[in-house]
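# Overview (structure and organization)
So you can see what is in the structure, the chains are spelled out below.
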Amino acid sequence: MEEFHKVRRLPPYVFEQVNRLKASARAGGADIIDLGMGNPDLPTPKAIVDKLCEVVQDPRTHRYSSSKGIPGLRRAQAGYYARRFGVKLNPDTQVVATLGSKEGFANMAQAITAPGDVILCPNPTYPIHAFGFLMAGGVIRSMSVEPDESFFPPLERAVKHSIPKPIALILNYPSNPTAYVATLDFYKDVIAFAKKHDIIVLSDLAYSEIYFDDAPPPSVLEVPGAMDVAVEFTSMSKTFSMPGWRMGFAVGNERLIAALTRVKSYLDYGAFTPIQVAATHALNGDGSDIAEVRSIYKRRRDVLVESFGKAGFEVPPPAATMFAWAKIPEKFRHLGSLEFSKLLVEKADIAVAPGIGFGELGDDYVRIALVENEHRIRQAARNLKRFLSTADETMHNVISLNAHR
């Protein structure tokens, strides 16, 4: 039978190929060190869990919740933005709770996209940034991801030559997967560009608190006038080690927030009320939990960069996020990132995320997640060193699948 139209527009999920190989290896007894999926291994702070346990005892909280987010949660998010970025938000009209930033992005795409609308999207980037709009009937025009002077000439060309004119520009800094960090001056130029061309700005700030160089990443909403054109998405998944809780936010332009809120009201009843209350408690905290998470990821980053470098695989130290974005060693680059990732599972008992899964411009890279402890990262480096040192003798019969096409 023919595939459904929207399913047909989606490419194969390349990460699943690595996941299947990983599962098969584990079933065979292999000890796979999983640095692939960005799934935090750190426990949610005890105070947040305790608040959930306390509130869930009240049967009144077992009923349907609020899709938009309970008032206290929206006020807490507005308070966080005021403290962290100096940005004033109206919790009633400029904040909506989402089931993680991924759901927020996907439903914003549903809210604003007409069939054939053009979206400017970085490449490589987190898959939902592009696929949320593809599923909504949009068309993706890939853009540069590095936040420097090279970013804007392609944008100008896109506006000049795209028919119809692009309706939105997606930003993601600190970036998943590249770990690039934007400056406030860069955001000022983006907002000026967006206002000049009447383009919506959608900023994914999920990694705002995972930074390592005493330079907190800014929010695009810090730019004067940004509220006229921009919405920003944040998540509690990494900041508070709450990935399975599915709690995030969209904040910013009232018209866009209203559109997202209306779409969500037809699709969900919001997160479980005790989760929303616990998230409120986390946002109103003193920030010590965030600082501890940040320090753990920094130590892991340093161990990864040092140990993998000694093993013969250079990993540039990321300034932020819980990922490193590393170029595949030269001798394996012709294989592409998917085949190289499979090799690491088979030959080194290491799982990483192939760069092709984030866009075709990522195919020379792999993403390495800091989701194992320092001991396991060093063990992965030893496995890697053993694989790389014997590759010339054992890899002579490996041919890229692309060579057959």
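Because the structure is predicted, anything quoted here is derived from the model rather than measured. Residue positions are given per chain, counting from 1 as you read along its sequence in written order. This being a predicted model, a pLDDT of at least 70 is required before a residue's local features are given, and a value of 80 or more before pairs of side-chain atoms are given or counted; all residues contribute to the totals for chains, interfaces and linings. Think of the side-chain values as coming from all heavy atoms in the structure, minus any hydrogens and water.

### Concerning the overall build of the protein
- Here a strand is any run of E in DSSP of at least two residues, a helix any run of H or I of at least four, and the numbering for each starts at the N terminus. Secondary structure summary: the protein contains 13 helices and 12 strands in total.
- This radius of gyration counts C-alpha atoms alone. The globule rule is 2.2 Å times how many residues there are, raised to the power 0.38. Taking 2.2 N^0.38 as the reference for a compact globule, 405 residues should give roughly 22 Å; the C-alpha atoms of the protein span a radius of gyration of 22 Å, in line with that estimate.
- Overall, the protein is about 65 × 55 × 50 Å in size when its C-alpha atoms are taken along their principal axes.
- Burial here depends on accessible area, computed with a 1.4 Å probe over protein chains only, as a share of the maximum for the residue type. Under 20% is buried, over 50% is exposed, and the range in between is partly exposed. The 405 residues of the protein split such that 55% are buried.
- Only heavy atoms matter for contacts: two residues are in contact if any of them lie within 4.5 Å across the pair. Taking contacts inside the protein between residues at least 6 apart in sequence as the whole, the part at least 24 apart equals 76%.
- As displayed, the protein offers around 18,100 Å² of accessible surface, 54% of which is attributable to carbon and sulfur atoms.
- For the charge count, each Lys or Arg is scored as positive and each Asp or Glu as negative, with His and the chain ends excluded. Charged side chains are reduced to one point each, which is NZ for Lys, CZ for Arg, CG for Asp and CD for Glu. Here the protein contributes 47 positive and 45 negative side-chain charges, whose respective centroids are spaced 3 Å apart. Each accessible area is a Shrake-Rupley result for a 1.4 Å probe, and residues are judged covered by the shown protein chains and nothing else.

### Quick word on the environment of Glu16
- In this structure, Glu16 sits in helix H2 (residues 14–27).
- On the basis of relative accessible area, Glu16 is assigned to the partly exposed category, the value being 32%.

### Brief notes about helix H4 (residues 71–85)
- Any helix carries an expected span of 1.5 Å times its number of residues minus one. Between its terminal C-alpha atoms H4 stretches 21 Å, which fits the 21 Å expected from 15 residues at 1.5 Å a residue.
- Tucked inside the fold, the buried residues of H4 contact strand S2 (95–98), strand S7 (230–235), strand S8 (248–252) and helix H10 (273–283).
- Backbone geometry just after H4 places Gly86 at a positive phi near 70°.

### A look at the sheet that holds strand S3 (residues 118–122)
- Note: two strands are recorded as paired if DSSP finds a minimum of 2 bridges between them. Read across the sheet, seven strands follow the order S2-S8-S7-S6-S5-S3-S4 without closing on themselves; strand pairing throughout is mixed. Edge positions in the open sheet fall to S2 and strand S4 (139–143), since each of these has one partner strand only. Pairs of neighbouring strands in the sheet enclose a mean axial angle of 20°, with direction left out of account.
- Bridge count for strand S6 (residues 200–204) against S7 is four bridges, and the pairing is parallel. Paired with Ser203 across the two strands is Glu232, which belongs to S7.
- Helix H9 (residues 254–267) contacts S2, S6, S7 and S8 of the sheet and is inclined by roughly 35° relative to S2. In this analysis an axis means a line fitted to C-alpha atoms, helices contributing only their contacting stretch, and an angle means the value between N-to-C directions, from 0 to 180 degrees.

### Re the UniProt feature "domain: Aminotransferase class I/classII large" (unreviewed entry) in the protein
- Within the UniProt annotation, "domain: Aminotransferase class I/classII large" (unreviewed entry) is assigned to residues 31–382.
- Overall, residues 31–382 shows 40% helix and 14% strand. The separation of its end C-alpha atoms is 13 Å. UniProt positions are given in the numbering used here, feature names are shortened, and annotations may be inferred rather than shown by experiment.

### Brief notes about the nonpolar core
- Tyr81, Phe151, Leu171, Met236, Met247 and Phe249 are the most contacted members of the largest nonpolar core, which has 53 residues in total.
- Every element with two or more residues in this core is listed here: helix H3 (46–56), H4, S2, helix H7 (152–161), strand S5 (168–172), helix H8 (184–197), S8 and H10.
- If sequence neighbours within four positions are ignored, Phe249 has contacts with Leu73, Gln77, Val95, Val96, Ala97, Thr98, Glu232, Phe233, Thr234, Met236 and Leu283.
- Throughout this description, the term nonpolar core refers to a set of buried Ala, Val, Leu, Ile, Met, Phe, Trp, Tyr and Cys residues connected via side-chain atoms within 4.5 Å. Formed by 41 residues, the second largest nonpolar core is a distinct cluster that contains Met322, Leu343, Leu344 and Phe387.

### A closer look at the packing of H2 against helix H12 (residues 337–348)
- Two elements in contact, H2 and H12, have axes whose closest approach is 10 Å; the angle formed by their N-to-C orientations is 15°. With respect to H12, the axis of H2 lies roughly parallel. Where H2 crosses over H12, the two elements pack in a sense that is right-handed. Note on element contacts: H12 touches H2 through Leu338, Ser341, Lys342, Val345 and Glu346, opposite Val14, Gln17, Val18, Leu21, Lys22 and Ala25.
- Following the grouping adopted for this structure description, the nonpolar residues are Ala, Val, Leu, Ile, Met, Phe, Trp, Tyr, Cys and Pro, the charged ones are Asp, Glu, Lys and Arg, and the polar ones are all others, Gly among them. A breakdown of the residues in the contact of H2 with H12 according to their chemical character gives six nonpolar, two polar and three charged. With respect to orientation, any angle under 35 degrees is reported as roughly parallel, any angle over 145 as roughly antiparallel, any angle of 65 to 115 as roughly perpendicular, and every other angle as oblique. Helix crossings fall into two classes, left-handed where the near helix is turned counterclockwise from the far one by less than a right angle and right-handed where it is turned clockwise.

### Structural notes on the domain arrangement of the protein
- For the domain bounds, the source is a domain assignment made automatically or taken from a database. According to the domain assignment, the protein contains domain 1 (5–43 + 289–389) and domain 2 (47–284).
- Computed from C-alpha coordinates alone, the two centres of domain 1 and domain 2 are separated by 26 Å.
- Opposite the 30 residues of domain 1 that make contact, domain 2 presents 30 residues.
- Defined here as a combined quantity, buried area equals the accessible surface (1.4 Å probe) lost by two parts on assembly, summed across both. A buried area of about 2,800 Å², summed over both sides, lies between domain 1 and domain 2, and 64% of it is on carbon and sulfur atoms.
- Contact with domain 2 buries surface across domain 1, with Arg9, Arg294 and Thr321 losing the most and accounting together for 22% of the total.
- Any carboxyl oxygen of Asp or Glu within 4 Å of a side-chain nitrogen of Lys or Arg constitutes a salt bridge here. The tally of links from domain 1 across to domain 2 stands at two salt bridges.
- Between Glu209 and Arg294 there is a salt bridge, with the nearest N and O atoms lying 3.2 Å from each other.
- For the purposes of these results, a polar contact is taken to be a pair of N or O atoms within 3.5 Å, where, inside protein, one atom must be able to donate a hydrogen and its partner to accept one; residues adjacent in sequence count only when each atom of the pair is a side-chain atom. For the pair domain 1 and domain 2, the number of links is nine residue pairs in polar contact (both at pLDDT 80 or more).

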